Amino acid sequence: MMLAEFETHLADVLGSRLPAPLTGLVDRAPGRPEAHFVVTLGPAVPIADNLQSLRAERVPGHDSLRRVLRLRCEVNVTAVAPSAGRSAQFTALDTALFLLDDPAFRTGTALLPADSSDPGFLINSMLLMRVEPPELVALEVEGLFWPVGTSGKAGVPIATIALRTALQPLRLLPDKLPLATGGPAVDLTIVAPSGGGGLVTAAGLAPGEAPRLLVRVVDAGERPGSGTLGGGDAAAGGARRLILTGGQTTLSYTPPAAPGLDFLLVTLETPDGPGIELARFALATRPAT
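If you're wondering where the values come from, they're calculated on a predicted model, not measured in any experiment.

Calculation notes
- Residues numbered from 1 in each chain as written.
- Predicted model: local features only at pLDDT ≥ 70, side-chain atom pairs only at ≥ 80, totals over all residues.
- Heavy atoms only, no water.
- Phe/Tyr/Trp six-rings, centres within 6.5 Å; stacked < 30°, edge-to-face > 60°.
- Helix = DSSP H or I, 4+ residues; strand = E, 2+ residues; numbered from the N terminus.
- Buried < 20%, exposed > 50% of the residue type's maximum accessible area, 1.4 Å probe, protein only.
- Contact = heavy atoms within 4.5 Å.
- Pairing = 2+ DSSP bridges.
- Axes fitted to C-alpha atoms, helices over the stretch in contact; angles between N-to-C directions.
- Expected span 1.5 Å × (residues − 1).
- Arc of directions from axis to C-beta.

Which residues make up the packing of aromatic side chains, and what values do they have?
We describe a pair of aromatic rings using the distance from one ring centre to the other and the angle between the two ring planes. Considering all chains together, one arrives at two aromatic pairs under this definition. An angle of 70° between the planes, with centres 5.3 Å apart, marks the rings of Phe6 and Phe121 as edge-to-face. Here Phe121 lies in strand E4 (residues 121-132) and Phe6 lies in helix H1 (residues 3-17), a separation of 115 residues in the sequence. When its relative accessible area of 3% is taken as the criterion, Phe121 is described as buried. Here the aromatic rings of Phe6 and Phe145 are separated by 5.9 Å at their centres, their planes lie at 80°, and the arrangement is edge-to-face. Of the two residues, Phe6 sits in helix H1 while Phe145 sits in strand E5 (residues 136-145), which places them 139 residues apart along the sequence. Relative accessible area serves as the criterion here: at 1%, Phe145 is assigned to the buried category.

Next comes the structure, spelled out in structure tokens:
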């Protein structure tokens, strides 16, 4: 039960907050003969996928995370014609309309359980959609829904947190590269202001492994470059894996046989492969003199 719980609870809260003589005269559909208002849950549709739509949530009545449905639904609050006639129906509708536009209803806070029990829903917004006097107030409701009493799931305990210190700005030495067509390999040094990092564990902060860089050469269109890299270990996509020790690491670049412009692309290696781009250095090869 989740949508039914919401429909019932909205009728209860609305009935308890309406002033006399309407207090207690709100029911969920189909409603008692003496009811002055009937709450009916209309069509409900899933809220479009977004960054948050697949994650579990911590919701009222639970300490652990729950899988939830994110729904947008229509709710109709119908004023039933009392024996006093149409004028009294208008008055009742006006009273309910003004109450439903209260910020506590619009934000859903009016529907939070007072005893922190499991309601089966958490309303994020409840806005007036249309009014059809003297009978109907239609609301658009967005929120999270789940079956009451379902068990949650515990997250995986975090054993360690890896910290990486900033590696910017990187420098490439020497500053002026003597790259000539057909020339020999040139030794290069990548220098970072810091090559540290660490691990946060239950025992405290411990030194981490030295950062690993992935380097490759590309042209202006991100195609493989004309020159050749050396040093470190071979990695996927023609890259070389380098370990940043003491804030620096070395590699070599062999110029191509024809003049051209390569770029040395430096990225931080992560467990899933190349991470963010850290630097891009121009490697211009000129005709030999």
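Structure shown, so let's carry the discussion forward.
How would you explain the environment of Ala29 if you had to name every residue and give the values?
Topologically, Ala29 is positioned in the loop between strand E1 (26-28) and strand E2 (37-46). Filtering out sequence-adjacent residues up to four positions away, Ala29 remains in contact with Val38, Val39 and Thr40.

Summarise the sheet that holds E4; cite the residues concerned and give the values.
Pairing between the strands of a sheet is mediated by backbone hydrogen bonds and can be parallel or antiparallel. Taken in spatial order, the five strands line up as E1-E2-E3-E5-E4 in an open sheet, and their pairing is mixed. The open sheet has two edge strands with one neighbour each: E1 and E4. Within this sheet the neighbouring strands show an average axis-to-axis angle of 25°, counted without direction. Of the pairings in the sheet, the one linking E4 to E5 comprises 10 bridges and is antiparallel in character. Note that in E5 the partner of Leu128 across the bridge is Leu139. Each of E1, E2, strand E3 (69-79), E4 and E5 is contacted by H1, which is oriented at about 175° to E1, the strand it contacts most.

Give a detailed account of unusual backbone geometry, specifying residues and quantitative values.
Cis geometry is adopted by the peptide bond preceding Pro30, which originates at Ala29 and carries an omega value of 5°. Inspection of the secondary structure puts Pro30 in the loop between E1 and E2. One non-glycine residue, Glu222, lies in the positive phi region at around 65°. Summarising the element assignment, Glu222 is placed in the loop between strand E11 (212-218) and strand E12 (228-230).

For helix H2 (residues 86-100), give the residues involved together with the corresponding values.
The terminal C-alpha atoms of H2, which comprises 15 residues, lie 21 Å apart, in line with the 21 Å expected from a rise of 1.5 Å per residue. What H2 keeps buried is the set Gln89, Ala92, Leu93, Ala96, Leu99 and Leu100. Projected down its long axis, H2 carries its buried residues within an arc of 130°, all on one side. Facing away from the buried side of H2 by over 90 degrees, the exposed positions are Ser87 and Phe98. The secondary structure elements touched by the buried residues of H2 are H1, E2, E3, helix H3 (103-106), E4 and E5.

An account of the side chain of Asn76 is needed here, citing residue identities and associated values.
Take Asn76: it is sitting in strand E3. The residues contacting Asn76, other than those within four sequence positions of it, are Val38, Val39, Thr40, Arg130, Leu136, Val137 and Ala138.

Can you tell me about the pairing of strand E16 (residues 260-270), naming the residues and giving the values?
Extensive coverage of E16 is indicated by the burial of eight of its 11 residues. Taking the residues that link successive antiparallel strands as the turn, the E16-strand E17 (residues 273-285) hairpin has two residues.

Everything listed here is a matter of geometry and, on its own, says nothing about what the molecule does.
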